[in-house]
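Here are the chains, one letter per residue:
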Amino acid sequence: MDKRVRITITGIVQGVGFRPHVYRLAVSGNLRGFVLNTSKGVLIEVEGPAAEDFPKTILSNRPPLSEIKSLTSETLPPAGYTGFEVRLSEPVAEEFSLISPDIATCPDCLLEMQDGADRRYLYPFINCTDCGPRYSIVQGVPYDRLLTTMHAFKMCPRCAAEYDDPSDRRFHAQPVACPKCGPIVEFKALGVGKEVHLEGHARVTGDDAVIEAVKALKAGHIIALKGLGGFQLACDATNDAAVDRLRRRKRKNQKPFAVMAASISVVRKYCEASQAEEDLIKSRARPIVLLKKRQSALSPGVSPGNSYVGMMLPYTPLHHLLFTHPSFDRSSLPDALVMTSGNIAEEPIVIDNKEAVEKLSGLADSFLLHNRDIFMRVDDSVARVVSGVPRLVRRARGYVPAPMDLGREMPEILACGGELKNTLCITKGRYAIMSQHIGDLTNYEAMSFFEETLRNLKATFKADPKIIAHDMHPDYLSTRFAREYGGDSPCTLVPVQHHHAHIASCMAESGYDGKVIGVAFDGTGYGMDGNIWGSEFMIADFDGFERYAHLDYTALPGGDKAVREPWRQALSCLVKAFGKSGAEVFKRVKKGARPDKDINLLMTMVERKVNSPYSCGMGRLFDAVSSLIGLRDVITFEGEAAIALEMAAGDSRDSGTYPFGFTAGRPAVIGTNPLFISITEDIIKGVSKGEVARKFHNTVARMVVTLCKDIREKTGLGTVALSGGVFQNPLLFGMVEVGLGSSGFRVLTHSKVPANDACISLGQAAVSAAGAAR
Ligand code: ZN
Ligand code: ZN
Ligand code: FE
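Residues numbered from 1 in each chain as written. Chains lettered and ligands numbered in written order. Predicted model: local features only at pLDDT ≥ 70, side-chain atom pairs only at ≥ 80, totals over all residues. Heavy atoms only, no water.

**A word on the coordination of the zinc ion (ligand 2)**
- The zinc ion (ligand 2) binds to the protein through Cys156 (SG), Cys159 (SG), Cys178 (SG) and Cys181 (SG); the donor distances cover 2.2 to 2.3 Å.
- One way to put it: the four donor atoms around the zinc ion (ligand 2) meet at angles of 105 to 116°, and that makes the site tetrahedral.
- Counting the intervening residues between successive donors of the zinc ion (ligand 2) yields the motif C-x2-C-x18-C-x2-C. Of this pair, Cys156 sits in the loop between α3 (107-113) and α4 (157-164) while Cys178 sits in the loop between α4 and β6 (185-189), and the two are 22 residues apart along the sequence. (Donors = N, O, S within 2.8 Å, 3.2 Å for Na, K, Ca; no water. Tetrahedral: all angles 85-135°; square planar, octahedral: opposite > 155°, others 65-115°. Helix = DSSP H or I, 4+ residues; strand = E, 2+ residues; numbered from the N terminus.)

So, in structure tokens, the structure goes:
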């Protein structure tokens, strides 16, 4: 007698072609029964002679985009099924399923789009079960067309037939569409600075709109185009005037722009790329990958003063058309486009047509819009390969909301993250679900984006957390949000120290649960002694930490202003090293870079301790040295001085180091005065900037290894976890990783989650989960 087997699968199994795949496997195995999406995952029942082998068949033969987290099966009495069918979804309360991230256009769809005989020839919204929008259009679960922004489009008979045909590669592809029934693009030329209205323009739509947009790009215009997770501003990356205009309008600083290249061979033309880097840039997530620039025709304004540039490949059909539209001779088109987030200043990326026209009119000369709504804004992800491993710098499109399995059941927790580069994290079962990059919470729009994302993740994952983790900084907006979150129904608040969260985050993503030597280097984090921390050596696990060593404190004259003006930090460090004569040393070394009256004013501030908080941030040390050797006295974006120092160090192969010392107490204090005295001597001797920068990097690397060995001697701990934005410096990171490794340490590092403050929410979640388990 035939057996009936019921199989329950969880993981990323919706929106990735799972059901048609199961259908084909079942039919080819002569099995009867059904497959069904539930809020929990996928439910399958099969009946037939080989029913009991079916779980194995699925496991060894799953669709490429799927990720199976669990599979359970039970044998039941036969139900007498007559065929195999794909059943409509049924929602299950209290359970949740995992939504797939957005996926770049697949090769099959690309071929169809370029095939003149295909009904989707040149159609900018072509997609299938293997590709297309997912997270950005999902409004609810289960993942079904009615709960996506595609519900506004009624399928034409031919699309509906594909959607319903289990043997078709668009079977139940929720965003399926064609030129007859699906979304359309629209082009609007505005003229710079002119008032813009959405209605009342001559409409250029469909293929003509794409052609107009390509013409505009060719002519050196800036266009705002609606991408997958938000608007992008695009212009010819080889046109200096266009790039400079975009920079003037958008940035007012020297922060690099990302570039989209027509193909991998164009990437190779402009940049050096290893095999690992090529694999990363071609991956389905299609992140921006930081690559070493070649001498090339790329406009110098793209990433000024930086030897790297962020490159990506087209990831929507519309992007592909901008490079390959057959109405143009390919060689006459730009093969690389600046492709930067469509937003003003530090605000979140714009997703709505009307909002785009209102906000981006001052930035773009024309608009390439479409009428498929973006539900969740999700910016491009940024990654780089360091020491052979792909590491995320910004985790968003293509990666979110893929969950991280923390290996143990947790209560529902909301972790609110830090303040800059904010992300939030909720836990559900064994999973931590981190949000996309939200950004700098100091502005109102970002805070609304935070709330919008939280609402969406709570609904999608059916979570209602009552444990709320937050940073110890009392004034972070994320902290204030945490305090007010529960309203009348009080929640348990769990404050987590910033650098403890960094280390816990690195441990969590590495799946390590034990005691480590944590090394957290960043610019700023609220310290428990009222000072600013950021060069932390700690003994830590999820339950707590002991501060073991840190750099000596230096006054930051002017507070935040000293962060924007690293020369203030340089002077302050010299005053610490040389006392009152620090000002004279500064003048001698900096040769009149700052007027005497500025210097005198600052001396007074430091002496009288006016608005001069104490910081031991490693980022600040990089800033001070960068200014001292004449690289950046004032910065226009976060991290600029430290990046300039890293670039300069790349010019030298010197293996020398500067002296430093540390005290015996606990926490030990690492003295930087010998370092500043030696650097000053080098500058006066005429040692090159590159050499000083390199020796400084060597010194910090040696500092990490020396201190870790000292801690190992005292504690017996042999595992080191590295976290904090300073470790995104690949030169320093590489030296530290090799140095620790060759000294016999096991080294835990970030790769799936950025080392910067984007990782804080995960660390907060891991620490509060441990607390809740006690
Ligand atoms: Zn496809
Ligand atoms: Zn259609
Ligand atoms: Fe930090």
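**What about the pattern of salt bridges?**
- For the structure shown, the criterion picks out 48 salt bridges.
- Note that Glu47 is salt-bridged to Arg32, the shortest N-O span being 3.9 Å. Note that Glu47 is positioned in strand β3 (residues 42-48) and Arg32 in strand β2 (residues 32-38), a separation of 15 residues in sequence.
- Of the charged contacts in the structure, one is a salt bridge between Arg394 and Asp379, with a shortest N-O distance of 3.8 Å. Of this pair, Arg394 sits in strand β17 (residues 389-394) while Asp379 sits in the loop between β15 (366-370) and β16 (382-386); the two residues are 15 residues apart in sequence, bridging distant segments of the chain.
- What you see here is one network of salt bridges that share partners, running through Arg4, Arg6, Glu45 and Glu74. (Salt bridge = Lys/Arg side-chain N within 4 Å of Asp/Glu carboxyl O.)

**Things to note about the coordination of the iron ion (ligand 3)**
- Only His498 (NE2), His502 (NE2), Asp522 (OD) and Asp757 (OD) from the protein reach the iron ion (ligand 3) as donors, at distances of 2.0 to 2.3 Å.
- If you look at the iron ion (ligand 3), its four donor atoms make angles of 89 to 164° with each other, and the shape they trace is irregular.
- In terms of primary sequence, the donors binding the iron ion (ligand 3) are separated according to H-x3-H-x19-D-x234-D. Taken together, the residues Asp522 in strand β23 (residues 516-526) and Asp757 in the loop between β31 (746-748) and α23 (760-773) connect sequence positions 235 residues apart.
- Taking the relative accessible area as the measure of exposure, Asp757 reaches 12% and is therefore buried. (Buried < 20%, exposed > 50% of the residue type's maximum accessible area, 1.4 Å probe, protein only.)

**Side note on the sheet that holds strand β20 (residues 425-434)**
- Taken in spatial order, the five strands line up as β18-β20-β19-β21-β22 in an open sheet, and their pairing is mixed. Edge positions in the sheet fall to β18 (404-410) and β22 (492-496), since each has one partner strand and no second. Each strand axis lies, on average, 30° off the axis of its neighbour in the sheet, ignoring direction.
- The pairing of β18 with β20 spans three bridges and is antiparallel. Paired with Met404 across the two strands is Ala432, which belongs to β20. (Pairing = 2+ DSSP bridges. Axes fitted to C-alpha atoms, helices over the stretch in contact; angles between N-to-C directions.)

**Quick notes on the environment of Met260**
- Tracing the chain through its elements places Met260 in strand β10 (residues 258-261).
- Given a relative accessible area of 0%, Met260 falls into the buried group.
- Here the alpha-carbon distance between Met260 and Asn673, two residues 413 residues apart in the chain, equals 45 Å.
- Dropping the residues within four chain positions of it, Met260 is found in contact with Met312, Leu313, Pro314, Tyr315, His319, Phe323, Asp335, Ala336, Leu337 and Met339. (Contact = heavy atoms within 4.5 Å.)

**Thoughts on the nonpolar core**
- Membership of the largest hydrophobic core comes to 95 residues, with the highest contact counts inside it found for Ile44, Val46, Phe54, Leu368, Leu414 and Ile426.
- If one sorts the elements of this core by residue count, helix α5 (residues 206-218) sits on top with seven residues.
- Excluding residues within four positions of it along the chain, Ile44 makes contact with Val5, Arg6, Ile7, Ile9, Val22, Phe34, Val35, Phe54 and Ile58.
- Ranked by size, the runner-up nonpolar core spans 68 residues in total, among them Ile517, Tyr548, Leu675 and Val700. (Core = buried A, V, L, I, M, F, W, Y, C linked by side-chain atoms within 4.5 Å.)

**Some thoughts on the layout of surface pockets**
- Of the pockets and cavities examined, the second largest pocket occupies roughly 590 Å³.
- Forming the walls of the second largest pocket are 26 residues, and the residues nearest its centre are Glu67, Pro101, Gly398, Tyr399 and Ala402.
- Secondary structure elements with two or more residues in the lining of the second largest pocket: β4 (67-76) and β17.
- The biggest single contributor to the lining of the second largest pocket is β17, with three residues. (1 Å grid on protein atoms, 1.4 Å probe; cavity = no way out; pocket = protein on both sides within 12 Å on 5 of 7 lines; lining within 4 Å. Points joined across faces, edges and corners; volume = space filled by probe spheres on them.)

**Overview of the confidence of the model for the protein**
- With 97% of its residues at a pLDDT of 70 or more, the protein shows a mean pLDDT of 93.
- Below pLDDT 50 for its whole length, residues 192-198 participates in eleven contacts with residues either more than four positions away or in separate chains. (pLDDT = per-residue confidence, 0-100.)

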